[in-house]
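Working through the structure, step by step
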Amino acid sequence: MQSNNLARQPLAQRFKARAERTFGAWGIFFKGFLKHPKMVGSVVPSSDRTIAQMLAPVRWNDVKLFVEYGPGVGTFCRPVLDKMPRDATFIAIDTNDDFIRYLRKTITDSRFIAVHASAEDVEAIIAAHGFDHADYVLSGMPLSTLPDKVAENIAAATHRALRPGGAFLIYQFRSFAYDLIRPLFDHIDHGFAAWNVPPCHLYWGWKGRAPKDSDPRA
Ligand SMILES: C[S@@+](CC[C@H](N)C(=O)[O-])C[C@H]1O[C@@H](n2cnc3c(N)ncnc32)[C@H](O)[C@@H]1O
């Protein structure tokens, strides 16, 4: 009976389901890259070392709302959820519908909300979920290849969305992000993740004063 139903599915749907089963998260990510190379910007999800280095300065006890832009298949989502307080909220925003559907299917943590939208709308999105500000915003988006003005709009909206003392965490293959956030943020820490494919720059843009021990290289 089940095999009859399967046989009735269109070929493309059957191929998609088989690819998802066979290649899991990496397959979905690679497919996302083939579909929208400029929006996805990478063929491989971030490495564990990059994740640990990027998240090192976060003060987890202070987190009420953590926002991620461009979560892809959720490489950062699980480590963030593992560290977040039980009563905190995590909003992940991505323009790719396949990624959002995959995240909703695979992450069932009640603190996690996956939103299909552009990061430009972050203020409206967090307000719709009852928050005035975010404590941290993490971005893995290819900021330098986004359509005209989108990166500038996202940087400005993020600065407005963060609470004083909060930070914009960015990992990027190019140093473009530094010039983008420099006019807005009071203090920017910089790191480099050599163990990533490809290696990438890490930036922590602090709104207001950075905590004394924020420097990730220390
Ligand atoms: C390099 S991938 C991030 C991969 C993932 N975070 C990781 O660590 O493996 C970039 C992501 O940004 C998303 N993206 C591109 N433009 C966006 C926008 N304006 N708002 C939200 N997400 C966007 C893409 O759909 C893609 O999921």
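Note that the coordinates shown come from a computational prediction; the quantities given were computed from them, not determined experimentally. Just so you know, the residues in each chain are numbered from 1, in the order the chain's sequence is written. Restriction of local features to residues with pLDDT of at least 70 applies here, the model being predicted, together with a cutoff of 80 or more for giving and counting side-chain atom pairs; totals for whole chains, interfaces and linings are based on all residues. Side-chain descriptors were evaluated using all non-hydrogen atoms of the structure, hydrogens and water having been removed beforehand.

Okay, the packing of aromatic side chains next. Note on aromatic contacts: the rings of Phe and Tyr and the six-membered ring of Trp form a pair at centre separations within 6.5 Å, being stacked when their planes are under 30 degrees apart, edge-to-face when over 60 apart, and tilted otherwise. Using the criterion set out here, one finds nine aromatic pairs in the structure. The interplanar angle of 80° and the centroid separation of 6.5 Å between the aromatic rings of tyrosine 136 and tryptophan 206 together place this pair among those described as edge-to-face. Taken together, the residues tyrosine 136 in strand 4 (residues 134-139) and tryptophan 206 in strand 7 (residues 200-206) connect sequence positions 70 residues apart. Only protein chains enter the calculation, and the probe is 1.4 Å; a residue is then buried if its accessible area is under 20% of its type maximum, exposed if over 50%, and partly exposed in between. When its relative accessible area of 0% is taken as the criterion, tryptophan 206 is described as buried. Think of it this way: any DSSP run of H or I at least four residues long counts as a helix, any run of E at least two long counts as a strand, and we number them from the N terminus.

Glancing now at helix 8 (residues 150-161). For helix 8, with twelve residues, the first-to-last C-alpha span of 16 Å sits near the 16 Å given by 1.5 Å per residue. Here helix 8 has its buried residues at Val150, Ala151, Ile154, Ala155, Ala157, Thr158, His159 and Ala161. The contact rule is simple, with two residues in contact once any of their heavy atoms fall within 4.5 Å. Looking at the buried positions of helix 8, the neighbouring elements they touch are strand 1 (65-69), helix 7 (122-128), strand 4, strand 5 (162-172) and helix 9 (176-181). Multiplying 1.5 Å by the residue count of a helix minus one yields the expected span of that helix.

Right, let's talk about the nonpolar core for a bit. The tendency in soluble globular proteins is for nonpolar side chains to be buried side by side. Buried residues of nine kinds, namely Ala, Val, Leu, Ile, Met, Phe, Trp, Tyr and Cys, make up a nonpolar core once their side-chain atoms join them within 4.5 Å. Among the nonpolar cores identified, the biggest contains 31 residues, and Val67, Tyr69, Ile93 and Ile181 are the most heavily contacted of them. Looking at this core, the elements that each hand over two or more residues are strand 1, strand 2 (89-94), helix 7, strand 4, helix 8, strand 5 and helix 9. For this core, the element with the most residues is helix 8, which contributes six residues. Residues contacting valine 67, with those up to four places away along its chain left out, are Phe90, Ile91, Ile93, Val122, Ile126, Ala134, Tyr136, Val137 and Leu138.

Here we come to the pattern of salt bridges. Salt bridge, as applied in this entry: a Lys or Arg side-chain nitrogen positioned within 4 Å of an Asp or Glu carboxyl oxygen. Tallying each qualifying case throughout the model produces six salt bridges. The partner of glutamate 123 in a salt bridge is arginine 160, and the shortest N-O contact between them spans 2.9 Å. Separated by 37 residues along the polypeptide, glutamate 123 in helix 7 and arginine 160 in helix 8 bring together distant segments of the chain. In this structure glutamate 123 comes out as partly exposed when scored by relative accessible area, which is 30%. Arginine 160 gets classed as partly exposed once you look at its relative accessible area, which sits at 48%. Ionic contacts of the salt-bridge type, sharing partners, join the residues Asp97, Asp98 and Arg101 into one network.

Take the pairing of strand 5 next. Along strand 5, eight of the eleven residues are buried, which leaves the element largely enclosed by surrounding structure. Sheet analysis places strand 4 next to strand 5, joined by five bridges and oriented parallel. By the bridge assignment for strand 5, tyrosine 136 is matched with alanine 167. Both strand 5 and strand 7 contribute to a ladder of six bridges, which runs antiparallel. Paired with phenylalanine 168 across the bridge in strand 7 is glycine 205. Any two strands are treated as partners once DSSP identifies two or more bridges connecting them.

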